[in-house]
Amino acid sequence: MGSLAASRESVEQDFMIEQLKEKFQITVLWSEGRACLEYDTAEQLEKVSDYVREHFDRDLLDVFFTAVECLPEDE
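Model, not experiment: these values are computed from the prediction. (Residues numbered from 1 in each chain as written. Predicted model: local features only at pLDDT ≥ 70, side-chain atom pairs only at ≥ 80, totals over all residues. Heavy atoms only, no water.)

A. Summary view of the overall build of the protein chain. A count of helices and strands for the protein chain gives three helices and three strands. Reading the helices (α) and strands (β) of the protein chain from amino to carboxyl end gives α-β-β-α-α-β. Counting every position in the protein chain, which comprises 75 residues, the buried fraction comes to 27%. Pairs at least 24 residues apart make up 53% of the contacts formed inside the protein chain by residues separated by at least 6 positions. For the protein chain, the exposed area adds up to about 5600 Å²; of that, 48% sits on carbon and sulfur atoms. (Helix = DSSP H or I, 4+ residues; strand = E, 2+ residues; numbered from the N terminus. Buried < 20%, exposed > 50% of the residue type's maximum accessible area, 1.4 Å probe, protein only. Contact = heavy atoms within 4.5 Å. Areas by Shrake-Rupley, 256 points an atom, 1.4 Å probe, with all protein chains shown as cover.)

Structure representation (structure tokens):
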């Protein structure tokens, strides 16, 4: 039964990530099979975090392994 619960969790996580990508145009990086949120500004990070809390009743780090700020591109 443990694998079913883990499977359901990963489906829920995939669903949440897809919803967040559509709503906020965020980038999701994958490291060793774990989702990492890449955000542009602290304001965007706060909005995504608030959305996760309000709509999914989860903490941002329940959905993502970590969150990293997008590095500016060198010109």
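B. Quick peek at the environment of Lys 23. Mapped onto the secondary structure, Lys 23 falls in helix H1 (residues 2-24). Take Lys 23: its relative accessible area is 49%, and that puts it in the partly exposed class. The spatial distance from the C-alpha of Lys 23 to the C-alpha of Tyr 51 is 9.7 Å, given a sequence separation of 28 residues.

C. How the structure looks around the nonpolar core. With 15 residues, the main nonpolar core has Leu 20, Ile 26, Val 48, Val 52, Val 63 and Phe 64 as its most contacted residues. Every residue in contact with Ile 26, bar those within four places of it in the chain, is listed here: Leu 20, Lys 21, Leu 37, Glu 38, Gln 44, Val 48 and Phe 64. (Core = buried A, V, L, I, M, F, W, Y, C linked by side-chain atoms within 4.5 Å.)

D. Local environment of the sheet that holds strand S1 (residues 27-31). Sheet architecture is open: three strands sit in the order S1-S2-S3, paired in mixed fashion. The open sheet is flanked by S1 and strand S3 (66-69), the only strands paired with a single partner. Neighbour-to-neighbour, the strand axes of this sheet turn through a mean angle of 35°, independent of strand direction. Relative to strand S2 (residues 34-39), S1 runs antiparallel, the two sharing five bridges. By the bridge assignment, Thr 27 is partnered in S2 with Glu 38. (Pairing = 2+ DSSP bridges. Axes fitted to C-alpha atoms, helices over the stretch in contact; angles between N-to-C directions.)

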